[in-house]
Amino acid sequence: MPVPMGRIHAWRVHITDASGSPLTQAIVQVTGGMPEHHHGLPTQPRVTESATPGDYVINGVRFSMTGKWVLNLDIRAREGRSDTVTFSFVL
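We now turn to the structure provided with this report. Keep in mind it's a predicted model, so treat the numbers as computed, not measured.

### Brief notes about the pattern of salt bridges
Part 1 of the argument: Overall, the coordinates contain four salt bridges when judged by the stated rule.
Part 2 of the argument: Among the ionic pairs, D74 bridges to R76, the shortest N-O distance being 3.3 Å.
Part 3 of the argument: Close ionic contact of R78 with E79 constitutes a salt bridge, the shortest N to O distance being 3.5 Å.
Part 4 of the argument: Each member of the salt-bridge network shares a partner with another, and the members are R78, E79 and R81.

Quick look at the structure:
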């Protein structure tokens, strides 16, 4: 399915630890934007944990124009470990 342009939508991500086990009760923050245009996301997406272990829903995502976008997930586990994942894509 194409990514909706100009509409608010949600993304579902599955996060695991290094051993491949679902990561639960993590704090996930979202940043991103259009690096070539020097601006961030037009919304402030919020992440909630799903009922399925390791699944998180990113609510409030909106892309306002075509071009190169990045979406960064800052993941912090209960044990104090952290990681960052970056999705880069062109709409």
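### Observations regarding the pairing of strand β4 (residues 46-49)
Part 1 of the argument: Where β4 meets strand β5 (residues 55-61), four bridges bridge the pair, whose relative direction is antiparallel. The residue of β5 that forms the bridge with T48 is V57.
Part 2 of the argument: Once β4 ends, the chain turns through five residues before running back antiparallel as β5, passing G54 with a positive phi of about 90°.

### Some words on the packing of aromatic side chains
Part 1 of the argument: Counted by the stated rule, this structure contains five aromatic pairs.
Part 2 of the argument: When the centroid spacing of 5.4 Å and the interplanar angle of 80° are considered together, the rings of F63 and F89 count as edge-to-face. Highlighted residues: F63 in the loop between β5 and β6 (68-76) and F89 in strand β7 (residues 82-90), separated in sequence by 26 residues. Each member of the pair, F63 as well as F89, carries the same accessibility label: buried.

### Looking at the sheet that holds β4
Part 1 of the argument: Spatial strand order, β1-β5-β4: three strands in an open sheet with antiparallel pairing. Across the chains shown, the open sheet's two edge strands, defined by having one partner strand only, are β1 (9-14) and β4. On average, each strand axis in the sheet is inclined to that of its neighbour by 25°, with strand direction left out of account.

### Let's talk about the nonpolar core
Part 1 of the argument: One finds W11, I15, V28, I58, F63, L73 and I75 to be the most contacted residues of the largest nonpolar core, which totals 19 residues.
Part 2 of the argument: Counting only elements with at least two residues in this core, the list comes to β1, β2 (27-34), β5 and β6.
Part 3 of the argument: Per-element tally for this core: the top contributor is β6, with four residues.
Part 4 of the argument: Aside from chain neighbours lying at most four places away, what touches I58 is H9, A10, W11, V13, V30, P45, R46, V47 and L73.

### Concerning the sheet that holds β7
Backbone hydrogen bonds hold the strands of a sheet together, and the pairing may be parallel or antiparallel.
Part 1 of the argument: Strand order across the open sheet formed by four strands is β3-β2-β6-β7, with antiparallel pairing between neighbours. The strands lining the two open edges of the sheet, one partner per strand, are β3 (39-40) and β7.
Part 2 of the argument: Bridge count between β2 and β3: two bridges; the pairing is antiparallel. By the bridge assignment for β3, M34 is matched with H39.

Calculation notes
- Residues numbered from 1 in each chain as written.
- Predicted model: local features only at pLDDT ≥ 70, side-chain atom pairs only at ≥ 80, totals over all residues.
- Heavy atoms only, no water.
- Salt bridge = Lys/Arg side-chain N within 4 Å of Asp/Glu carboxyl O.
- Pairing = 2+ DSSP bridges.
- Helix = DSSP H or I, 4+ residues; strand = E, 2+ residues; numbered from the N terminus.
- Phe/Tyr/Trp six-rings, centres within 6.5 Å; stacked < 30°, edge-to-face > 60°.
- Buried < 20%, exposed > 50% of the residue type's maximum accessible area, 1.4 Å probe, protein only.
- Axes fitted to C-alpha atoms, helices over the stretch in contact; angles between N-to-C directions.
- Core = buried A, V, L, I, M, F, W, Y, C linked by side-chain atoms within 4.5 Å.
- Contact = heavy atoms within 4.5 Å.

Geometry only, nothing functional implied.
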